[in-house]
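# Chain and residue survey
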Amino acid sequence: MITEEIIAPRVPAPAPTYLNAGHTLRSWLCTLDHKRIGLLYLFTITFFFVIAAVAAALMRWELLTPQPDLVTPDFYNRMFTLHGVLMVWFFLIPSIPTVLGNFILPLMLGARDVAFPRLNLASWYIFVAGGLMALYAIVAGGVDTGWTFYTPYSSTYSNGYVMMMAAGVFVAGFSSIFTGLNFIVTIHQLRAPGLTWFRLPLFVWSLYATSLILVLATPVLAITLLLIGLERLCGVGVFDPKLGGDPLLFQHLFWFYSHPAVYIMILPGMGVVSETIACFSRKRVFGYHVVAIASLAIAALGFLVWGHHMFVSSQSVYAGVVFSLLSFLVSVPSAIKVFNWTATLHRGSISFDTPLLYALGFIGLFTIGGLTGVFLATLPVDVRMHDTYFVIAHFHYVMVGGMVMGYLGGIHYWWPKISGRLYHEWTARVSALIVFIGFNLTFFPQFILGYLGMPRRVHMYAPEFQTLNVLSSAGASILGIGYILPLVYLTWSFFHGPKVSSNPWDATGLEWQTDSPPPEHNFAQIPVVTAEPYNYPPLA
Amino acid sequence: MSAVLGFSLFPSSPMNASSFTPRVEALLLALLVASGLLIGVLLVLNLYFLIRYRRGSSAPRPPLRIATWKFEAGWICGTTIGFLGFFFWGARIYLDMERPPANAYDVDVIGRQWMWDIRHADGRREFDTLHVPADQPVRLRMISEDVIHSFAVPAFSLKQDVVPGKQVMAWFEATRPGTYHLYCDQFCGTAHAEMAGEVVVMKPEDYAAWQASGSVNNEEAGHGAKLFVRYGCSGCHTPGSPVRAPSLVGLYGRLVPVENGQFVRADEQYLRDSIVLPQQHVVAGYAPIMPDFRGVISETDLLDLIDYLKSLGAKQPPPANMPTAPAAAPPMVPPPPAPSSAP
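## Considerations on the overall build of chain B
Check the secondary structure of chain B and you find seven helices and twelve strands. Of the contacts made within chain B by residues no fewer than 6 positions apart, 64% connect residues no fewer than 24 positions apart.

Quick look at the structure:
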């Protein structure tokens, strides 16, 4: 400290940024700055991601051989429940909205913060509280219901810490609701002068659609979990037929939340892809208006397709037919986005930086994930594939191939803005490739396993499935390396990377008009917007 | 139709073993081809654009002359129409999957943690193994005693969740003798992975021999009548009983007038509900005095009771739907040995 004070007068004072606005723990834990809260979320969800990934690694290890030889069935059941609950509610749902959304949204709008900074901080604390409850449930003995908590198994039969886990998810749900509410109000109220709705970047549109789902769907999950509590603790018959309840009622309520939640887990990723494709091809996104409206269409239609999780559940046959039709329709706006991204590349000036590589990976994997979703919307194919590894592969292509690629792409794209520094470009490109290869090797064999009929949520399987399972486990270890690398080189870059200018990518968008890293209040002067988004100079 | 579309993705694999599988596989193949084409087109376009328009290339980049909305309208309509085609194709097969043919014979399946308890109409009982004849539609009447299970035979494209408190149906017609995996596909607790077994499809004559061999529990036939007395049903529901309760003779299949002026068809679900939840449909003109038997009678006993009620006062004896060996079977053939695939 003393040396610093002596040297300090000789070097020019560092520009005031959000990072050096305070160095105490208190200055982080009590911050109202949306950028710092974004980083708090970044650490928190990375922590949960690591735990959930370790659970997945244990599962893939057990599945190397058909025999149950590594862990007990109960342990395995707890592992996949842990993996699902933590990945869905404590990583994927908060991932892009709470980290990149918190950090970038006010910057993109030309605002000094979100509409309710205190609520923003509260939502992080609530999230941590929910996470600690979930962790307690895991440490105390675990839960074996699967992340879907199907009744009457979860409400009457399961011996795990179901109530503690459900309470954790219940509490974390309020964090989702608060974040969604905050974003909706921010987008309505805090746009810079001249920033009309159709001048908003597509990332903002996707966050707006996501926030609508967060606010409208999450309460249904809360009600459902409360009803499980009523049945489990008070013996009120809601879901268990022995008590006069209806087990299918749970599935209707659960998927009424959880299907829209699937779109919470993909829409923000689509937003990131739109930003990076435009930036690295130097072009306005093709069909900007259609892509923007498609996000809202996905959010709206997403509420009407929950029954496609129940084609074999013994719901009405005609309900099945209607839900199948609606599920086909919800695929249309997603397909259109893929076409528009491809058309954006046409006559662009394409530079293969790491964020674009992730975006291209997203498009490829999401296309496969989306098309296999169409397979599953087709009634008799779903009857065949339901609850098999085909479904596992499908939703990992969407959520991991889509959302995690989008998340990593976004982290790399905005990393210079977040940290004020660059990462090592070639290391980043290679690790993006490793993620892509590892991902496909892990999950593509699972499509075939599902076709052959291997059920999900099993720790042992018929011997003929071994080859494909070994491939999948091998891929998982490559994927693991692909995830560890960014953790290492980004951490290194945060402290030692070369410093960058305010706009290293020459991108449009208000977030690039302020310093990297931004000052505490983002903009010395609120910018005035006079042009369309993505107004890159015409290419000769 | 199925002759035209009767092929399998892997014709040599044993995955193609029921009357539905060729139709499902044809649909699956069409989806694969359509997806493959779409992915191929996207891949070629993306690679072409990425290479041709890489930064620094000399490719000309004049502004587009065609209105954007024409592209948008084109691919919105194109994907919607394509998707609708697959929707109708799929819905057609699904509706057929839900309609068992009239000549299907019934097998009762009870799912319980962690076994499949299977009962044939002749009283034969199997656990985790189901023997069926080939080329004969089989209707499964299924219910769970505890949590939700799912009866899945991938080679038959067959899957149906088995739910507690509610009898559900599924049917199939196996086409190829052999032994096939039977799984529980819905997570049901600790030993979910071990709740698996096999379906043994036999040639009709082998099946007849299997039926004739081994022990058949003949008591099952009269079991329902005994239960009717044991659970006290007969105390009220016999003519001349001191308690006023509706007679059950000839009940099955009739329309029953209930309290609120409506009528309910006395099918199997009605019979089950009236035993376990008698307050649900109180017969018009009777007091709701019957105690509920929820959790008192096991699912196995319930099935016997329902069978007994169905046989009460039926106009003709219940049709013997059990398949028998074909009459044309040569008489001199010695009884075939039990198939090696049978456990």
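That was the structure; now back to the text.
## Here's the deal with the overall build of chain A
A count of helices and strands for chain A gives 17 helices and zero strands. Taking 24 Å as the expected radius of gyration for a compact globule of 540 residues, we find that chain A reaches 23 Å, a close match to that expectation. Principal axes of the C-alpha set define a box for chain A whose edges measure 75 × 55 × 45 Å. Taking all 540 residues of chain A together, the buried fraction comes to 62%.

## Looking at the sheet that holds strand β7 (residues 158-162) of chain B
Residue and element names in this part refer to chain B. Sheet architecture is open: five strands sit in the order β4-β10-β9-β6-β7, paired in mixed fashion. The sheet terminates laterally at β4 (129-133) and β7, the two strands that pair on one side only. Adjacent strand axes in the sheet meet at a mean angle of 20 degrees when their direction is disregarded.

## Quick notes on the domain arrangement of chain B
All names here are of chain B. The domain architecture assigned to chain B consists of domain 1 (105-212) and domain 2 (219-311). For domain 1 versus domain 2, the distance between C-alpha centres works out to 27 Å. Contact with domain 1, which involves eight residues of that partner, is made by eight residues of domain 2. Only β1 (105-112) and β2 (115-120) provide two or more residues apiece to the side of domain 1 that touches domain 2. Residue composition of the side of domain 1 that touches domain 2, grouped by class: two nonpolar, two polar and four charged.

## Re the pairing of strand β6 (residues 149-153) of chain B
Residues and elements named next belong to chain B. Most of β6 is tucked away, with five of its five residues classed as buried. Across the two faces of β6 the burial is the same, with His149, Phe151 and Val153 and Ser150 and Ala152 all buried. Here β6 runs beside β7; their pairing, made up of five bridges, is antiparallel. Following the sheet pairing, valine 153 is matched in β7 by leucine 158. Taking the residues that link successive antiparallel strands as the turn, the β6-β7 hairpin has four residues, and the phi of serine 157 there is positive, at about 55 degrees. Sheet topology note: the β6/strand β9 (residues 178-184) ladder contains two bridges and is antiparallel. The partner of alanine 152 across the bridge, within β9, is tyrosine 183.

## Considering the packing of helix α13 (residues 354-377) of chain A against helix α15 (residues 389-419) of chain A
The angle between the axes and the distance between the axes are what describe a pair of packed helices. Residue and element names in this part refer to chain A. Where α13 contacts α15, the two axes come as close as 8 Å, and the packing angle between them is 160 degrees. Between α13 and α15, the crossing angle belongs to the class labelled roughly antiparallel. Between α13 and α15 the crossing geometry is left-handed. Residues of the contact of α13 with α15, tallied by class, amount to 14 nonpolar, twelve polar and no charged.

## Some details on helix α2 (residues 68-97) of chain B
Along its 30 residues, α2(B) runs 44 Å from first to last C-alpha, staying within 8% of the 44 Å computed at 1.5 Å per residue. Regarding α2(B), the residues found buried are Glu72(B), Thr79(B), Phe83(B), Phe86(B), Phe87(B), Trp89(B), Gly90(B), Ala91(B), Tyr94(B) and Met97(B). Along its buried surface, α2(B) packs onto α11 (288-301), α12 (317-345), α13 and α14 (379-385) of chain A together with α1 (21-52) of chain B.

## Focus on the environment of Trp341(A)
Residue and element names in this part refer to chain A. Note that tryptophan 341 resides in helix α12. On the basis of neighbour counts, which here come to 27 C-beta atoms within 10 Å, the residue tryptophan 341 falls in the buried class. Sequence separation between tryptophan 341 and glutamate 520 is 179 residues, and the spatial gap between their C-alpha atoms is 34 Å. Once residues lying within four places of it in the same chain are set aside, the contact partners of tryptophan 341 are Val273, Ile277 and Ile363.

## What to know about the sheet that holds strand β3 (residues 125-127) of chain B
Residues and elements named next belong to chain B. Strand order in this open sheet of five strands is β3-β2-β1-β5-β8, and the pairing throughout is mixed. Across the chains shown, the open sheet's two edge strands, defined by having one partner strand only, are β3 and β8 (168-172). Strand-to-strand twist across the sheet, computed as the mean angle between neighbouring axes with direction ignored, equals 25 degrees. Two elements, β2 and β3, share three bridges in a ladder whose sense is antiparallel. Residue pairing for β3: isoleucine 118 is matched across the bridge by glutamate 126.

## What about the interface of chain B and chain A?
The interface is formed by 64 residues belonging to chain B together with 63 residues belonging to chain A. Counting only elements with at least two residues in the side of chain B that touches chain A, the list comes to α1, α2, β6, β7 and β9 of chain B. Here the side of chain B that touches chain A takes 17 residues from α2(B), the largest share from any one element. When grouped by side-chain class, the residues that make up the side of chain B that touches chain A number 37 nonpolar, 16 polar and eleven charged.

## Overview of the environment of Asp122(B)
All names here are of chain B. Mapped onto the elements, aspartate 122 comes out in the loop between β2 and β3. Given 13 C-beta atoms within a 10 Å radius, aspartate 122 is considered partly exposed. Spatially, the C-alpha atoms of aspartate 122 and valine 107 are 9.7 Å apart, while their sequence positions differ by 15 residues.

## With respect to unusual backbone geometry
Residue and element names in this part refer to chain A. Cis geometry marks the peptide bond from threonine 151 to proline 152, where omega comes out at 0 degrees. Turning to its location among the elements, proline 152 is positioned in the loop between α5 (117-140) and α6 (153-157). The omega torsion across serine 516 and proline 517 is -10 degrees, close enough to zero to call that bond cis. If you trace the backbone, proline 517 turns up in the segment after α17 (466-496). A positive phi angle, close to 50 degrees, is found at phenylalanine 149, a residue other than glycine. By the secondary structure assignment, phenylalanine 149 is in the loop between α5 and α6.

## With respect to the confidence of the model for chain B
Residue and element names in this part refer to chain B. Per-residue pLDDT for chain B has a mean of 82; in total, 85% of the residues score no lower than 70. Per-element confidence in chain B is highest for β6, whose mean pLDDT is 96, and lowest for helix α4 (residues 219-230), whose mean pLDDT is 74. Low pLDDT, under 50, characterises residues 1-7; the stretch is placed with nine contacts to residues that sit more than four places away or in other chains. Scored below 50 in pLDDT, residues 315-343 shows 32 contacts in the model against residues more than four places distant or in partner chains. In the predicted assembly, ipTM is 0.90 and pTM is 0.86.

Cut-offs and rules
Every chain is numbered on its own, with residues counted from 1 as its sequence reads. Each chain gets a letter, beginning with A, and each ligand a number, beginning with 1, in the order they are written. Residue-level local features of this predicted model are given only where pLDDT is at least 70; pairs of side-chain atoms are given and counted only at 80 or more, and the full residue set underlies all totals for whole chains, interfaces and linings. Helix numbers and strand numbers start at the N terminus; a helix is a DSSP run of H or I with at least 4 residues, a strand a run of E with at least 2. Whether two residues are in contact is decided by their C-beta atoms, placed from the backbone, lying within 7 Å. As a reference, a globule follows 2.2 Å times the number of residues to the power 0.38, and the radius of gyration itself is taken over C-alpha atoms. Every C-beta atom is placed from the backbone, and the number of other C-beta atoms within 10 Å of a residue's own sets its class: buried at 20 or more, exposed at 12 or fewer, partly exposed in between. By definition, two strands form a pair when at least two bridges between them are found by DSSP. Helix axes are fitted only over the stretch in contact, all axes being lines through C-alpha atoms; the angle between N-to-C directions runs from 0 to 180 degrees. The split of the chain into domains comes from an automatic or database domain assignment. By the convention adopted, Pro, Cys, Tyr, Trp, Phe, Met, Ile, Leu, Val and Ala count as nonpolar, Lys, Arg, Asp and Glu as charged, and the other residues, Gly among them, as polar. In what follows, roughly perpendicular refers to angles from 65 to 115 degrees, roughly parallel to angles under 35, roughly antiparallel to angles over 145, and oblique to any angle outside these ranges. Definitions for this section: a left-handed crossing has its near helix turned counterclockwise from the far helix by less than a right angle. A right-handed crossing has that turn clockwise. Each helix should span, by expectation, one fewer than its residue count multiplied by 1.5 Å. A score from 0 to 100, pLDDT tells how confident the predictor is in each residue.

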